Amino acid sequence: MRTVRASEIAPQTHQWSVEARELTVKAGRYTAINGIDLTLGTGVHGLLGPNGAGKTTLMRCLATVIAPAGGRLDVLGSDVTGGAQQLRETRRGLGYLPQAFGYYPRFTVREFVEYLAWLKEMPAQNIPGAVQRAIDRVGLTVKADAKLKTLSGGMLRRAGIAQAIVNDPEVLLLDEPTVGLDPEQRLDFRELLRTLGAESCLLVSTHLVEDVAAACTDVVMLSEGRVAWTGTPQELAAAGADGAPGDSATERGYATVLQHHRRQVAP
């Protein structure tokens, strides 16, 4: 199976930031990820697919929230099933924004990001500066001391992004990060992605094909728990068939390759 190309190999002792072989992941009794191969290095990688394709389950597994049901998964050079201490060390190098994240409404933005930095076991002397940098990068400087319960949905999402990047993670996993962001904020966020992806491995799950086209170096498309297609945003745009649905070349490419995959796997 063709694997994801990265813009460059991560300059660590391990060759890839994420490497999966025949990875299978369950969601309850349902097989949500069915034997996929995947390699990701430095860059911004877009994760596309229809509802139910397995995107969120894959993100949760890469974030070590749920364990693989089969196959092998290495994150930052370590097998995620290698034991509690190994898993703890791996998590220090991760950043994760789930689709829905919990928070204490009475915490301020600063307190929330500080708390997550502490949970990530960052050195205490580094936390204040790292927290301020993360808040500044997501455009919440003036809201740093506002309580979370007073923020709009878009601002809460940006606070979630701040906690994900506070530890300068080597692997950053963002599940639907632009939900609730207005068009101007989405443009700023795309620029932040490009900056972060220059030095780390980012996987961004989204339904917004145009965000992938604008900010990502590679695309992984899932369908029914399998990898349906991989390539660059430019290749995705070029794949669109005449008459395919969509308002842009990238959307038409997405519709075309998804339909082609479904025809191939149909009984």
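Just above, that's the structure.
What comes next concerns the included structure. Bear in mind the structure is a predicted one, so any value in this text is a computation, not a measurement. (Residues numbered from 1 in each chain as written. Predicted model: local features only at pLDDT ≥ 70, side-chain atom pairs only at ≥ 80, totals over all residues. Heavy atoms only, no water.)

Remarks on the pattern of salt bridges
The following threshold applies: Salt bridge, as applied in this entry: a Lys or Arg side-chain nitrogen positioned within 4 Å of an Asp or Glu carboxyl oxygen. In this scheme, a residue with accessible area under 20% of its type's maximum is buried, one over 50% is exposed, and one in between is partly exposed, where area comes from a 1.4 Å probe on protein chains only. By definition, any uninterrupted DSSP run of H or I lasting at least four residues is a helix, any uninterrupted run of E lasting at least two residues is a strand, and each is numbered from the N terminus.
A complete count under the given rule lists nine salt bridges for this structure. In this structure, Asp74 and Arg72 form a salt bridge, with 3.1 Å as the shortest nitrogen-oxygen distance. Since its relative accessible area comes to 14%, Asp74 is described here as buried. The class for Arg72 is partly exposed, based on a relative accessible area of 43%. A salt bridge links Arg88 to Glu121; the shortest N-O distance between them is 2.4 Å. Of the two residues, Arg88 sits in helix α2 (residues 84–92) while Glu121 sits in the loop between α3 (109–119) and α4 (127–137), which places them 33 residues apart along the sequence. The exposure class assigned to Arg88 is partly exposed, which follows from its relative accessible area of 43%.

Side note on α3
The following threshold applies: Picture the helix axis, draw a direction to every C-beta atom, and the arc is the one those directions span. By definition, residues are in contact when any of their heavy atoms lie within 4.5 Å.
Of the positions making up α3, those classed as buried are Val109, Phe112, Val113, Leu116 and Ala117. With its buried residues spanning 135° around the axis, α3 presents them on a single face. Looking at the buried positions of α3, the neighbouring elements they touch are α4 and α5 (153–165). A positive backbone phi angle near 60° is found at Glu121, which sits one or two residues after α3.

Description of the pairing of strand β10 (residues 226–231)
Inclusion rule: Pairing between two strands is assigned when DSSP locates at least 2 bridges connecting them.
A large share of β10 lies buried, amounting to five of its six residues. The sheet contact formed by strand β9 (residues 218–223) and β10 spans five bridges and is antiparallel. Counterpart to Val219 in the pairing with β10 is Gly231. From the end of β9 to the start of β10, which pair antiparallel, there are two residues, and Glu224 there has a positive phi angle of about 50°.

A closer look at the nonpolar core
The nonpolar side chains of a soluble globular protein tend to be buried, and buried together. Quick reminder of the rule: We call a set of buried Ala, Val, Leu, Ile, Met, Phe, Trp, Tyr and Cys residues a nonpolar core when their side-chain atoms join them within 4.5 Å.
Ranked by size, the top nonpolar core spans 49 residues in total, and within it Val113, Val166, Leu174, Leu193 and Met221 carry the most contacts. Ranked by the residues each element gives to this core, the list is headed by α5, at six residues. Sequence-distant contacts of Leu174, that is, excluding residues within four places in its chain, are made with Met59, Leu97, Ala164, Phe189, Leu193, Leu203, Val204 and Ser205. With 29 residues, the next largest nonpolar core counts Leu38, Leu40, Val220 and Leu222 among its residues.

A short note on the sheet that holds strand β3 (residues 43–48)
The test is simple: Angles shown run from 0 to 180 degrees and are taken between the N-to-C directions of axes, each axis being a line fitted to C-alpha atoms and, for helices, limited to the stretch in contact.
Taken in spatial order, the six strands line up as β6-β7-β8-β3-β9-β10 in an open sheet, and their pairing is mixed. The outermost strands of the open sheet, each flanked by one partner alone, are β6 (94–97) and β10. Pairwise comparison of adjacent strand axes, ignoring direction, gives a mean angle of 15° for this sheet. Pairing analysis gives five bridges linking β3 to strand β8 (residues 201–205), with the strands arranged parallel. Bridged to Leu47 within β8 is Ser205.

Scope: geometric values only; no functional claims are made or implied.
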